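Residues per chain, in single letters:
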Amino acid sequence: MDRKTVFAKKTNVKEVNYVGPSGVPLQNPQSYLPQNLVRKDLPLPHLGEADVVRHFLGLAQRNFSIDTHFYPLGSCTMKYNPKINEDMAKLDGFVGLHPYQAPHTVQGTLELLYELEQMLCEITGMQRFTFQPSSGAHGELAGMLMIRKYHQAHKRNKTKVIVPDSAHGTNPATASMCGYQTVVVESTLEGLVDVDKLKSLVDDETAAIMLTNPNTLGLFEEDILKISDMIHKKGGFLYYDGANFNALLGITKPALMGFDVVHLNLHKTFSTPHGCGGPGAGAVGVTDALVDYLPVPLLKKESGELFFDYCLPHSIGKVRAFYGNFAVLVRAYTYLLRLGSQGLRRVAHNSVLNANYVKEKLKDYYEVPFPKRCMHEVIFSCKKQKERGASAYDIAKRLIDYGIHPPTMYFPLTVPEAFMVEPTETESRCALDYFIEAMRQIDREISQDLDKVKSAPHTSFVKRVDETKAARSPDLRWRENGV
Ligand SMILES: *Cc1c(COP(=O)(O)O)cnc(C)c1O
(Lines give C-alpha, C1' and ligand atoms only; values in the text may rest on other atoms or scores of the structure.)
Protein backbone atom coordinates (compact mmCIF):
# COMPACT_ATOMS: atom_id res chain seq x y z
CA MET A 1 0.00 0.00 0.00
CA ASP A 2 1.17 3.49 -0.75
CA ARG A 3 1.63 4.79 2.77
CA LYS A 4 2.35 8.40 1.97
CA THR A 5 -0.20 10.89 3.20
CA VAL A 6 -1.71 13.58 1.05
CA PHE A 7 0.61 16.10 2.65
CA ALA A 8 3.62 14.16 1.44
CA LYS A 9 2.24 13.64 -2.03
CA LYS A 10 1.91 17.39 -2.57
CA THR A 11 -1.10 16.80 -4.76
CA ASN A 12 -2.45 20.06 -6.05
CA VAL A 13 -5.71 19.98 -7.91
CA LYS A 14 -6.83 23.45 -8.99
CA GLU A 15 -10.36 22.52 -9.98
CA VAL A 16 -12.09 20.50 -7.29
CA ASN A 17 -15.03 18.68 -8.76
CA TYR A 18 -18.15 17.25 -7.19
CA VAL A 19 -18.41 19.80 -4.38
CA GLY A 20 -21.87 21.16 -3.68
CA PRO A 21 -22.71 24.52 -2.08
CA SER A 22 -21.69 24.55 1.58
CA GLY A 23 -24.95 25.86 3.04
CA VAL A 24 -23.00 27.82 5.65
CA PRO A 25 -23.11 31.57 4.96
CA LEU A 26 -19.65 32.98 4.31
CA GLN A 27 -18.41 35.36 6.94
CA ASN A 28 -15.15 37.00 7.54
CA PRO A 29 -13.61 35.19 10.53
CA GLN A 30 -11.59 38.32 11.35
CA SER A 31 -14.83 39.98 12.37
CA TYR A 32 -15.60 37.63 15.27
CA LEU A 33 -12.37 35.85 16.23
CA PRO A 34 -9.53 37.37 18.26
CA GLN A 35 -6.71 38.33 15.90
CA ASN A 36 -4.19 35.96 17.49
CA LEU A 37 -6.42 33.00 16.74
CA VAL A 38 -6.93 33.71 13.06
CA ARG A 39 -4.66 31.59 10.86
CA LYS A 40 -2.68 33.50 8.29
CA ASP A 41 -2.05 30.40 6.31
CA LEU A 42 -3.65 26.97 6.18
CA PRO A 43 -1.27 24.50 4.54
CA LEU A 44 -3.92 22.04 3.38
CA PRO A 45 -3.36 20.37 0.04
CA HIS A 46 -5.92 21.04 -2.67
CA LEU A 47 -7.41 17.71 -3.52
CA GLY A 48 -9.92 16.13 -5.82
CA GLU A 49 -12.63 13.89 -4.43
CA ALA A 50 -10.80 10.71 -5.38
CA ASP A 51 -7.68 11.78 -3.49
CA VAL A 52 -9.69 12.65 -0.40
CA VAL A 53 -11.47 9.30 -0.48
CA ARG A 54 -8.18 7.44 -0.87
CA HIS A 55 -6.61 9.47 1.92
CA PHE A 56 -9.30 8.59 4.46
CA LEU A 57 -9.80 5.02 3.28
CA GLY A 58 -6.03 4.53 3.46
CA LEU A 59 -5.98 5.77 7.04
CA ALA A 60 -8.97 3.59 7.94
CA GLN A 61 -7.22 0.52 6.58
CA ARG A 62 -4.39 0.93 9.02
CA ASN A 63 -6.90 -0.02 11.67
CA PHE A 64 -7.87 -3.39 12.91
CA SER A 65 -11.63 -3.58 12.90
CA ILE A 66 -14.29 -6.20 13.25
CA ASP A 67 -15.34 -5.49 9.66
CA THR A 68 -11.89 -6.38 8.37
CA HIS A 69 -10.41 -8.90 10.81
CA PHE A 70 -11.15 -11.53 13.46
CA TYR A 71 -11.08 -9.74 16.81
CA PRO A 72 -11.25 -12.26 19.68
CA LEU A 73 -10.76 -9.77 22.53
CA GLY A 74 -11.90 -11.50 25.74
CA SER A 75 -14.24 -9.63 28.09
CA CYS A 76 -14.83 -7.06 25.34
CA THR A 77 -17.30 -8.82 23.03
CA MET A 78 -16.12 -7.62 19.64
CA LYS A 79 -19.01 -9.14 17.72
CA TYR A 80 -20.10 -8.18 14.24
CA ASN A 81 -22.25 -5.03 14.23
CA PRO A 82 -25.11 -5.49 11.77
CA LYS A 83 -25.28 -2.62 9.30
CA ILE A 84 -29.04 -2.32 9.67
CA ASN A 85 -28.34 -0.90 13.16
CA GLU A 86 -26.51 1.98 11.51
CA ASP A 87 -29.33 2.57 9.03
CA MET A 88 -31.81 2.83 11.88
CA ALA A 89 -29.57 5.05 14.05
CA LYS A 90 -29.23 7.55 11.21
CA LEU A 91 -32.89 7.87 10.30
CA ASP A 92 -33.69 11.56 9.83
CA GLY A 93 -36.25 11.52 12.62
CA PHE A 94 -33.61 10.42 15.11
CA VAL A 95 -30.63 12.39 13.85
CA GLY A 96 -32.53 15.67 13.89
CA LEU A 97 -33.81 15.32 17.46
CA HIS A 98 -33.04 17.84 20.14
CA PRO A 99 -33.10 16.85 23.81
CA TYR A 100 -35.09 19.97 24.73
CA GLN A 101 -37.93 19.14 22.33
CA ALA A 102 -41.37 19.01 23.91
CA PRO A 103 -42.37 15.41 24.79
CA HIS A 104 -45.47 15.46 22.57
CA THR A 105 -43.23 16.01 19.52
CA VAL A 106 -41.05 12.95 20.28
CA GLN A 107 -43.55 10.26 21.23
CA GLY A 108 -42.05 7.75 18.77
CA THR A 109 -38.60 8.20 20.24
CA LEU A 110 -39.90 7.80 23.78
CA GLU A 111 -41.81 4.71 22.66
CA LEU A 112 -38.52 3.19 21.48
CA LEU A 113 -36.96 3.83 24.89
CA TYR A 114 -40.04 2.45 26.61
CA GLU A 115 -40.01 -0.76 24.59
CA LEU A 116 -36.27 -1.21 24.91
CA GLU A 117 -36.63 -0.93 28.68
CA GLN A 118 -39.35 -3.57 28.67
CA MET A 119 -37.24 -5.93 26.59
CA LEU A 120 -34.25 -5.57 28.90
CA CYS A 121 -36.51 -6.13 31.92
CA GLU A 122 -37.74 -9.33 30.29
CA ILE A 123 -34.18 -10.47 29.53
CA THR A 124 -32.79 -9.77 33.01
CA GLY A 125 -35.84 -10.05 35.29
CA MET A 126 -35.28 -6.52 36.59
CA GLN A 127 -38.12 -4.10 37.34
CA ARG A 128 -36.85 -0.89 35.73
CA PHE A 129 -33.85 0.37 33.74
CA THR A 130 -32.04 3.65 33.33
CA PHE A 131 -30.21 4.37 30.09
CA GLN A 132 -28.22 7.36 31.31
CA PRO A 133 -24.80 5.80 32.02
CA SER A 134 -22.45 6.06 29.04
CA SER A 135 -20.39 2.95 29.70
CA GLY A 136 -20.13 -0.18 31.79
CA ALA A 137 -17.95 1.50 34.40
CA HIS A 138 -20.36 4.44 34.52
CA GLY A 139 -23.25 1.99 34.98
CA GLU A 140 -21.42 0.33 37.87
CA LEU A 141 -21.00 3.71 39.53
CA ALA A 142 -24.72 4.49 39.14
CA GLY A 143 -25.67 1.02 40.44
CA MET A 144 -23.40 1.18 43.48
CA LEU A 145 -24.53 4.73 44.28
CA MET A 146 -28.09 3.40 44.44
CA ILE A 147 -26.99 0.63 46.80
CA ARG A 148 -25.18 3.15 48.97
CA LYS A 149 -28.17 5.46 49.06
CA TYR A 150 -30.43 2.57 50.02
CA HIS A 151 -28.18 1.60 52.94
CA GLN A 152 -27.96 5.22 54.09
CA ALA A 153 -31.73 5.62 53.91
CA HIS A 154 -32.18 2.47 56.00
CA LYS A 155 -29.52 3.59 58.48
CA ARG A 156 -27.37 0.57 57.92
CA ASN A 157 -23.71 0.82 58.67
CA LYS A 158 -22.17 -0.76 55.59
CA THR A 159 -18.49 -0.36 54.89
CA LYS A 160 -17.34 -3.01 52.46
CA VAL A 161 -17.92 -4.49 49.05
CA ILE A 162 -16.75 -7.99 48.14
CA VAL A 163 -15.27 -8.75 44.72
CA PRO A 164 -13.66 -11.97 43.46
CA ASP A 165 -9.92 -11.98 42.66
CA SER A 166 -10.76 -12.51 38.98
CA ALA A 167 -13.01 -9.42 38.78
CA HIS A 168 -12.80 -6.80 36.07
CA GLY A 169 -10.76 -3.86 37.39
CA THR A 170 -13.72 -1.52 37.16
CA ASN A 171 -15.50 -3.42 39.99
CA PRO A 172 -13.06 -2.63 42.83
CA ALA A 173 -12.58 0.85 41.33
CA THR A 174 -16.33 1.46 41.53
CA ALA A 175 -16.52 0.22 45.10
CA SER A 176 -13.72 2.62 46.08
CA MET A 177 -15.34 5.54 44.24
CA CYS A 178 -18.42 4.96 46.38
CA GLY A 179 -16.35 5.08 49.54
CA TYR A 180 -16.39 1.38 50.28
CA GLN A 181 -13.50 -0.82 51.29
CA THR A 182 -12.92 -3.54 48.69
CA VAL A 183 -12.60 -7.04 50.11
CA VAL A 184 -11.23 -9.66 47.73
CA VAL A 185 -12.55 -13.19 47.81
CA GLU A 186 -10.27 -15.83 46.33
CA SER A 187 -11.30 -18.29 43.64
CA THR A 188 -11.00 -22.04 43.97
CA LEU A 189 -8.55 -23.99 41.82
CA GLU A 190 -11.51 -24.70 39.57
CA GLY A 191 -11.92 -20.97 38.93
CA LEU A 192 -15.14 -20.34 40.90
CA VAL A 193 -15.82 -18.16 43.94
CA ASP A 194 -14.64 -20.06 47.05
CA VAL A 195 -17.89 -20.26 49.01
CA ASP A 196 -16.19 -21.23 52.29
CA LYS A 197 -13.82 -18.30 52.08
CA LEU A 198 -16.73 -16.04 51.17
CA LYS A 199 -18.61 -17.21 54.27
CA SER A 200 -15.78 -15.98 56.46
CA LEU A 201 -15.83 -12.54 54.78
CA VAL A 202 -19.55 -11.73 54.77
CA ASP A 203 -20.81 -9.84 57.80
CA ASP A 204 -23.24 -7.09 58.80
CA GLU A 205 -20.99 -4.45 57.24
CA THR A 206 -21.14 -6.06 53.79
CA ALA A 207 -22.90 -3.60 51.47
CA ALA A 208 -22.76 -5.78 48.37
CA ILE A 209 -20.92 -8.35 46.35
CA MET A 210 -20.07 -7.50 42.74
CA LEU A 211 -20.07 -10.54 40.49
CA THR A 212 -20.15 -11.38 36.86
CA ASN A 213 -21.69 -14.68 35.85
CA PRO A 214 -20.26 -16.28 33.76
CA ASN A 215 -17.26 -14.99 35.67
CA THR A 216 -14.18 -13.40 34.17
CA LEU A 217 -12.59 -16.84 33.78
CA GLY A 218 -15.45 -17.71 31.43
CA LEU A 219 -17.06 -20.11 33.92
CA PHE A 220 -20.59 -20.27 35.29
CA GLU A 221 -20.74 -19.71 39.06
CA GLU A 222 -22.69 -22.80 40.03
CA ASP A 223 -23.03 -21.81 43.68
CA ILE A 224 -24.69 -18.52 42.82
CA LEU A 225 -27.88 -19.29 44.81
CA LYS A 226 -25.85 -20.14 47.92
CA ILE A 227 -23.85 -16.94 47.46
CA SER A 228 -26.96 -14.82 47.03
CA ASP A 229 -28.53 -16.34 50.16
CA MET A 230 -25.43 -15.61 52.17
CA ILE A 231 -25.28 -11.93 51.11
CA HIS A 232 -29.01 -11.25 51.41
CA LYS A 233 -29.12 -12.73 54.92
CA LYS A 234 -26.70 -9.99 56.00
CA GLY A 235 -28.72 -7.27 54.31
CA GLY A 236 -26.29 -6.87 51.39
CA PHE A 237 -27.05 -6.59 47.66
CA LEU A 238 -25.88 -8.60 44.68
CA TYR A 239 -24.49 -6.45 41.89
CA TYR A 240 -24.37 -8.12 38.47
CA ASP A 241 -21.68 -7.00 36.05
CA GLY A 242 -23.46 -7.95 32.84
CA ALA A 243 -21.01 -6.26 30.47
CA ASN A 244 -20.74 -9.47 28.48
CA PHE A 245 -24.13 -11.12 28.71
CA ASN A 246 -23.88 -13.20 25.52
CA ALA A 247 -23.76 -16.65 27.10
CA LEU A 248 -27.00 -16.33 29.02
CA LEU A 249 -29.23 -14.35 26.65
CA GLY A 250 -32.64 -16.00 26.64
CA ILE A 251 -31.35 -18.89 28.79
CA THR A 252 -31.62 -17.49 32.30
CA LYS A 253 -31.97 -14.14 34.08
CA PRO A 254 -29.84 -12.44 36.73
CA ALA A 255 -32.99 -11.92 38.85
CA LEU A 256 -33.42 -15.71 39.05
CA MET A 257 -29.89 -15.95 40.45
CA GLY A 258 -30.71 -13.43 43.17
CA PHE A 259 -29.17 -10.30 41.68
CA ASP A 260 -30.63 -6.92 42.66
CA VAL A 261 -28.80 -4.59 40.27
CA VAL A 262 -27.58 -5.32 36.75
CA HIS A 263 -25.63 -3.34 34.22
CA LEU A 264 -25.57 -4.41 30.60
CA ASN A 265 -23.05 -3.04 28.15
CA LEU A 266 -25.35 -2.40 25.22
CA HIS A 267 -22.25 -1.57 23.14
CA LYS A 268 -20.86 -5.06 23.76
CA THR A 269 -23.64 -7.63 24.04
CA PHE A 270 -26.15 -5.71 21.93
CA SER A 271 -23.76 -4.76 19.15
CA THR A 272 -22.55 -1.20 18.78
CA PRO A 273 -19.09 -0.51 17.36
CA HIS A 274 -16.99 0.30 20.42
CA GLY A 275 -13.47 0.73 21.68
CA CYS A 276 -11.14 3.69 22.13
CA GLY A 277 -13.75 5.39 24.30
CA GLY A 278 -16.40 5.49 21.59
CA PRO A 279 -20.00 6.11 22.62
CA GLY A 280 -21.44 3.37 24.77
CA ALA A 281 -24.43 2.66 26.95
CA GLY A 282 -24.25 0.97 30.33
CA ALA A 283 -27.94 0.38 30.93
CA VAL A 284 -28.65 -0.28 34.61
CA GLY A 285 -31.59 -2.32 35.82
CA VAL A 286 -32.82 -2.81 39.38
CA THR A 287 -35.35 -4.92 41.25
CA ASP A 288 -38.26 -3.43 43.22
CA ALA A 289 -36.17 -2.62 46.30
CA LEU A 290 -34.02 -0.11 44.42
CA VAL A 291 -36.43 1.43 41.91
CA ASP A 292 -36.88 4.58 44.00
CA TYR A 293 -33.15 5.30 43.83
CA LEU A 294 -32.76 5.26 40.03
CA PRO A 295 -31.33 8.40 38.39
CA VAL A 296 -33.80 11.10 37.31
CA PRO A 297 -35.69 11.25 35.05
CA LEU A 298 -37.61 8.04 34.47
CA LEU A 299 -39.95 7.40 31.58
CA LYS A 300 -43.60 7.34 32.52
CA LYS A 301 -46.74 6.56 30.55
CA GLU A 302 -50.03 8.18 31.48
CA SER A 303 -53.17 7.75 29.36
CA GLY A 304 -51.06 6.70 26.40
CA GLU A 305 -48.66 9.69 26.57
CA LEU A 306 -45.00 9.18 27.37
CA PHE A 307 -42.99 11.75 29.29
CA PHE A 308 -40.00 12.02 31.61
CA ASP A 309 -40.81 12.06 35.30
CA TYR A 310 -38.44 14.20 37.37
CA CYS A 311 -40.34 13.78 40.62
CA LEU A 312 -38.31 11.02 42.28
CA PRO A 313 -37.51 12.18 45.82
CA HIS A 314 -35.11 9.32 46.67
CA SER A 315 -33.23 9.34 43.36
CA ILE A 316 -29.42 9.47 43.33
CA GLY A 317 -29.90 12.40 40.94
CA LYS A 318 -28.52 12.70 37.45
CA VAL A 319 -25.44 10.79 36.33
CA ARG A 320 -25.22 12.35 32.90
CA ALA A 321 -26.71 15.17 30.86
CA PHE A 322 -30.05 14.31 29.26
CA TYR A 323 -30.98 10.66 28.67
CA GLY A 324 -27.97 8.64 27.51
CA ASN A 325 -26.25 7.89 24.22
CA PHE A 326 -29.45 7.60 22.26
CA ALA A 327 -27.99 6.25 19.00
CA VAL A 328 -26.54 3.28 20.90
CA LEU A 329 -30.01 2.61 22.28
CA VAL A 330 -31.46 2.61 18.76
CA ARG A 331 -28.86 0.05 17.71
CA ALA A 332 -29.60 -2.21 20.69
CA TYR A 333 -33.34 -1.94 20.00
CA THR A 334 -32.83 -2.83 16.33
CA TYR A 335 -30.56 -5.74 17.26
CA LEU A 336 -33.16 -7.12 19.68
CA LEU A 337 -36.05 -6.81 17.22
CA ARG A 338 -34.03 -8.40 14.44
CA LEU A 339 -33.14 -11.44 16.55
CA GLY A 340 -36.30 -11.96 18.56
CA SER A 341 -36.37 -14.39 21.46
CA GLN A 342 -35.31 -17.40 19.40
CA GLY A 343 -32.46 -15.45 17.84
CA LEU A 344 -31.20 -14.28 21.22
CA ARG A 345 -31.09 -17.86 22.45
CA ARG A 346 -29.08 -18.77 19.34
CA VAL A 347 -26.62 -16.00 20.25
CA ALA A 348 -26.10 -17.68 23.61
CA HIS A 349 -25.77 -21.18 22.18
CA ASN A 350 -23.36 -20.20 19.43
CA SER A 351 -21.18 -17.94 21.57
CA VAL A 352 -20.69 -20.83 24.02
CA LEU A 353 -20.22 -23.38 21.25
CA ASN A 354 -17.61 -21.27 19.47
CA ALA A 355 -15.57 -20.71 22.64
CA ASN A 356 -15.62 -24.41 23.49
CA TYR A 357 -14.67 -25.33 19.91
CA VAL A 358 -11.59 -23.11 20.11
CA LYS A 359 -10.77 -24.51 23.55
CA GLU A 360 -10.95 -28.15 22.43
CA LYS A 361 -8.91 -27.53 19.29
CA LEU A 362 -6.13 -25.69 21.10
CA LYS A 363 -5.96 -27.44 24.47
CA ASP A 364 -3.19 -29.80 23.36
CA TYR A 365 -1.06 -26.80 22.36
CA TYR A 366 -1.82 -24.16 24.98
CA GLU A 367 -2.53 -24.87 28.62
CA VAL A 368 -6.16 -24.49 29.72
CA PRO A 369 -5.93 -23.65 33.44
CA PHE A 370 -9.65 -24.24 34.06
CA PRO A 371 -10.71 -27.36 32.18
CA LYS A 372 -14.42 -27.10 33.01
CA ARG A 373 -16.73 -26.40 30.08
CA CYS A 374 -16.47 -22.67 29.47
CA MET A 375 -19.18 -20.20 28.55
CA HIS A 376 -18.68 -17.48 25.91
CA GLU A 377 -14.93 -17.12 26.41
CA VAL A 378 -11.96 -19.34 27.12
CA ILE A 379 -8.74 -18.66 28.95
CA PHE A 380 -5.43 -20.13 27.90
CA SER A 381 -2.12 -19.77 29.66
CA CYS A 382 0.97 -19.45 27.47
CA LYS A 383 3.15 -20.84 30.28
CA LYS A 384 4.55 -23.72 28.19
CA GLN A 385 5.37 -21.32 25.35
CA LYS A 386 7.03 -18.92 27.80
CA GLU A 387 9.31 -21.74 28.97
CA ARG A 388 10.33 -22.16 25.33
CA GLY A 389 11.14 -18.47 25.00
CA ALA A 390 7.98 -16.72 23.75
CA SER A 391 5.61 -14.86 26.08
CA ALA A 392 1.89 -14.26 25.62
CA TYR A 393 2.91 -10.79 24.43
CA ASP A 394 5.16 -12.22 21.68
CA ILE A 395 2.45 -14.62 20.54
CA ALA A 396 -0.09 -11.79 20.42
CA LYS A 397 2.26 -9.70 18.27
CA ARG A 398 2.80 -12.61 15.89
CA LEU A 399 -0.97 -13.06 15.51
CA ILE A 400 -1.06 -9.60 13.92
CA ASP A 401 1.01 -10.99 11.02
CA TYR A 402 -1.74 -13.56 10.50
CA GLY A 403 -4.34 -10.79 10.31
CA ILE A 404 -5.82 -11.50 13.73
CA HIS A 405 -6.29 -8.98 16.52
CA PRO A 406 -4.50 -10.06 19.72
CA PRO A 407 -6.81 -11.45 22.38
CA THR A 408 -6.95 -9.92 25.86
CA MET A 409 -3.65 -10.68 27.60
CA TYR A 410 -2.35 -10.86 31.15
CA PHE A 411 -5.92 -10.63 32.42
CA PRO A 412 -7.41 -11.92 34.65
CA LEU A 413 -4.43 -11.25 36.88
CA THR A 414 -4.70 -14.65 38.55
CA VAL A 415 -3.64 -16.52 35.39
CA PRO A 416 0.07 -16.39 34.39
CA GLU A 417 0.67 -15.51 30.71
CA ALA A 418 -3.11 -15.28 30.28
CA PHE A 419 -4.65 -15.31 26.82
CA MET A 420 -8.35 -14.64 26.95
CA VAL A 421 -10.23 -15.54 23.79
CA GLU A 422 -13.83 -14.53 23.11
CA PRO A 423 -14.67 -15.60 19.57
CA THR A 424 -18.34 -14.45 19.78
CA GLU A 425 -21.27 -16.04 17.99
CA THR A 426 -20.84 -14.06 14.80
CA GLU A 427 -17.71 -15.89 13.58
CA SER A 428 -18.02 -18.73 11.10
CA ARG A 429 -16.39 -22.12 11.65
CA CYS A 430 -14.05 -21.22 8.79
CA ALA A 431 -12.84 -18.10 10.65
CA LEU A 432 -12.37 -20.09 13.85
CA ASP A 433 -10.39 -22.78 12.02
CA TYR A 434 -8.12 -20.11 10.57
CA PHE A 435 -7.47 -18.71 14.07
CA ILE A 436 -6.84 -22.20 15.47
CA GLU A 437 -4.38 -22.98 12.68
CA ALA A 438 -2.57 -19.66 13.23
CA MET A 439 -2.22 -20.41 16.95
CA ARG A 440 -0.87 -23.89 16.23
CA GLN A 441 1.50 -22.51 13.62
CA ILE A 442 2.87 -19.95 16.08
CA ASP A 443 3.40 -22.73 18.60
CA ARG A 444 5.48 -24.58 15.96
CA GLU A 445 7.37 -21.41 15.08
CA ILE A 446 8.44 -21.00 18.71
CA SER A 447 10.36 -24.26 18.33
CA GLN A 448 11.57 -23.71 14.78
CA ASP A 449 12.10 -19.98 14.39
CA LEU A 450 11.87 -18.25 17.74
CA ASP A 451 13.32 -14.97 16.43
CA LYS A 452 10.48 -14.61 13.98
CA VAL A 453 7.98 -14.69 16.84
CA LYS A 454 10.06 -12.48 19.14
CA SER A 455 10.45 -9.78 16.48
CA ALA A 456 6.84 -9.82 15.27
CA PRO A 457 4.84 -8.13 13.91
CA HIS A 458 6.55 -7.95 10.54
CA THR A 459 3.64 -6.76 8.42
CA SER A 460 2.01 -3.97 10.39
CA PHE A 461 2.45 -0.25 9.90
CA VAL A 462 3.56 0.24 13.50
CA LYS A 463 5.68 -2.46 15.14
CA ARG A 464 6.31 -2.77 18.87
CA VAL A 465 5.74 0.51 20.65
CA ASP A 466 6.44 1.60 24.19
CA GLU A 467 2.86 1.05 25.26
CA THR A 468 3.02 3.15 28.41
CA LYS A 469 4.49 6.08 26.53
CA ALA A 470 2.06 5.65 23.65
CA ALA A 471 -0.86 5.80 26.08
CA ARG A 472 0.45 8.61 28.29
CA SER A 473 1.97 10.94 25.72
CA PRO A 474 0.82 9.94 22.26
CA ASP A 475 2.57 11.63 19.38
CA LEU A 476 0.32 11.22 16.36
CA ARG A 477 2.15 13.50 13.96
CA TRP A 478 2.95 12.07 10.60
CA ARG A 479 6.60 11.61 9.71
CA GLU A 480 8.23 11.31 6.33
CA ASN A 481 9.67 7.85 7.08
CA GLY A 482 6.23 6.59 8.10
CA VAL A 483 7.15 5.70 11.72
C1 LIG B 1 -15.98 -4.01 29.48
C2 LIG B 1 -16.28 -4.41 30.86
C3 LIG B 1 -16.55 -3.45 31.84
C4 LIG B 1 -16.44 -1.95 31.61
O5 LIG B 1 -17.24 -1.48 30.56
P6 LIG B 1 -16.86 -0.10 29.84
O7 LIG B 1 -17.99 0.18 28.93
O8 LIG B 1 -15.55 -0.32 29.16
O9 LIG B 1 -16.74 0.93 30.92
C10 LIG B 1 -16.88 -3.89 33.11
N11 LIG B 1 -16.91 -5.20 33.41
C12 LIG B 1 -16.63 -6.16 32.49
C13 LIG B 1 -16.69 -7.60 32.88
C14 LIG B 1 -16.30 -5.79 31.18
O15 LIG B 1 -16.02 -6.72 30.27
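Residues numbered from 1 in each chain as written. Predicted model: local features only at pLDDT ≥ 70, side-chain atom pairs only at ≥ 80, totals over all residues. Heavy atoms only, no water.

1. Remarks on the pairing of strand β4 (residues 206-211)
The two faces of a sheet get side chains in turn, since along a regular strand they alternate between them.
Phase 1: Where burial is concerned, most of β4 is hidden: six out of the six residues are buried.
Phase 2: Here strand β2 (residues 160-164) runs beside β4; their pairing, made up of three bridges, is parallel. For V161, the partnering residue across the bridge sits in β4 and is A208.
Phase 3: Note that β4 and strand β5 (residues 237-242) share four bridges and pair parallel. Counted as the bridge partner of L211 is Y240 from β5.
Phase 4: What joins β4 to β5 is helix α9 (residues 224-233), and the crossover it makes is right-handed. (Buried < 20%, exposed > 50% of the residue type's maximum accessible area, 1.4 Å probe, protein only. Helix = DSSP H or I, 4+ residues; strand = E, 2+ residues; numbered from the N terminus. Pairing = 2+ DSSP bridges. Right-handed = clockwise from strand over helix to strand, strands pointing away.)

2. Some remarks on the site of the ligand
Phase 1: Contacts to the ligand come from 13 residues, most closely from S75, G136, D241, H267 and K268.
Phase 2: One of the backbone nitrogen or oxygen atoms of A137 is found 2.8 Å away from an oxygen atom of the ligand.
Phase 3: In this structure, N244 approaches the ligand through a side-chain N or O atom, which is 2.9 Å from an oxygen atom.
Phase 4: Taking 380 Å² as the accessible area of the ligand by itself, protein coverage stands at 85%.
Phase 5: Those elements that provide at least two residues to the shell around the ligand are α6 (136-153) and α10 (266-269).
Phase 6: In terms of residue count, the dominant contributor to the shell around the ligand is α6 (three residues). (Near = heavy atom within 4 Å. Polar contact = N/O pair within 3.5 Å; in protein donor to acceptor, adjacent residues only side chain to side chain. Areas by Shrake-Rupley, 256 points an atom, 1.4 Å probe, with all protein chains shown as cover.)

3. Focus on the domain arrangement of the protein chain
Phase 1: Split into domains, the protein chain comes out as domain 1 (84-338) and domain 2 (350-470).
Phase 2: Taken together, the contact pairs 21 residues of domain 1 with 17 residues of domain 2.
Phase 3: With both sides pooled, the region where domain 1 packs onto domain 2 buries about 1,500 Å², and carbon together with sulfur makes up 63% of that total.
Phase 4: Our enumeration of links across domain 1 and domain 2 arrives at two salt bridges.
Phase 5: Close ionic contact of K372 with E222 constitutes a salt bridge, the shortest N to O distance being 3.5 Å.
Phase 6: Remark: the boundary between domain 1 and domain 2 carries two residue pairs in polar contact (both at pLDDT 80 or more). (Domains from an automatic or database assignment. Contact = heavy atoms within 4.5 Å. Buried area = accessible area lost by both parts, 1.4 Å probe. Salt bridge = Lys/Arg side-chain N within 4 Å of Asp/Glu carboxyl O.)

4. Regarding empty space enclosed by the protein
Phase 1: A full pass over the atoms with the stated rule returns four cavities of 30 Å³ or more.
Phase 2: Taken as a whole, the largest cavity holds about 120 Å³ of empty space.
Phase 3: Surrounding the largest cavity, L113, E117, R128, F129, T130, F131, Q132, P297, L298, L299, F308 and Y323 form its lining.
Phase 4: Going through the elements one at a time, α5 (107-124), β1 (128-130) and β8 (298-302) are the ones with two or more residues in the lining of the largest cavity.
Phase 5: For the lining of the largest cavity, the element with the most residues is β1, which contributes three residues.
Phase 6: Taken together, the residues of the lining of the largest cavity sort by class into eight nonpolar, two polar and two charged.
Phase 7: As a volume, the second largest cavity reaches approximately 80 Å³.
Phase 8: Every residue lining the second largest cavity is listed: S75, H168, T212, P214, N215, T216, D241, N244, H376 and E377. (1 Å grid on protein atoms, 1.4 Å probe; cavity = no way out; pocket = protein on both sides within 12 Å on 5 of 7 lines; lining within 4 Å. Points joined across faces, edges and corners; volume = space filled by probe spheres on them. Nonpolar A, V, L, I, M, F, W, Y, C, P; charged D, E, K, R; others polar.)

5. A closer look at the layout of surface pockets
Phase 1: Empty space within the second largest pocket amounts to approximately 420 Å³.
Phase 2: At the level of secondary structure, the elements contributing two or more residues to the lining of the second largest pocket comprise α5 and α11 (326-362).
Phase 3: By residue number, the principal contributor to the lining of the second largest pocket is α5, which donates three residues.
Phase 4: Its residues placed into classes, the lining of the second largest pocket shows 14 nonpolar, five polar and one charged.

6. Description of the sheet that holds strand β10 (residues 378-381)
Think of a sheet as strands paired side by side through backbone hydrogen bonds, with each pair either parallel or antiparallel.
Phase 1: Judged by pairing direction, the sheet is antiparallel, and its three strands sit side by side in the order β10-β12-β11 without closing on themselves. In the strand order of this sheet, the two ends are held by β10 and β11 (408-409), each with one partner.
Phase 2: Of the pairings in the sheet, the one linking β11 to strand β12 (residues 418-421) comprises two bridges and is antiparallel in character. Across the sheet, the residue bridging to T408 is M420, located in β12.
Phase 3: Running at roughly 25° to β10, α11 makes contact with β10 and β12 of the sheet. (Axes fitted to C-alpha atoms, helices over the stretch in contact; angles between N-to-C directions.)

7. Structural notes on the packing of aromatic side chains
Note on aromatic pairs: each is described by the distance of the centres and the angle between the planes.
Phase 1: Taken as a whole, this structure holds 11 aromatic pairs when the rule is applied.
Phase 2: Both rings, one in Y366 and one in F380, keep their centres 6.4 Å apart while their planes meet at 65°; by these two values the pair is edge-to-face. Of this pair, Y366 sits in the loop between α11 and β10 while F380 sits in strand β10, and the two are 14 residues apart along the sequence.
Phase 3: On the accessibility criterion, Y366 (0% relative accessible area) is buried.
Phase 4: Using a relative accessible area of 0% as the deciding quantity, one classes F380 as buried. (Phe/Tyr/Trp six-rings, centres within 6.5 Å; stacked < 30°, edge-to-face > 60°.)

8. Focus on the sheet that holds β1
Phase 1: Reading across the sheet, the seven strands line up as β1-β7-β6-β5-β4-β2-β3 and stay open at both edges, with mixed pairing between neighbours. A single partner strand is all that each edge strand has here, and the edge strands are β1 and β3 (181-185). Put simply, the sheet's adjacent strands are angled 25° from each other on average, direction ignored.
Phase 2: Relative to the sheet, α5 contacts β1, β6 (261-265) and β7 (282-286), its axis offset from that of β1 by approximately 120°.

9. Examining unusual backbone geometry
Phase 1: A cis amide bond, omega -10°, links V296 with the succeeding residue P297.
Phase 2: Cis geometry is adopted by the peptide bond preceding P412, which originates at F411 and carries an omega value of 0°.
Phase 3: Counting through the fold element by element, P412 comes out in the loop between β11 and β12.
Phase 4: The backbone of E417 sits at a positive phi, close to 50°, despite the residue not being glycine.

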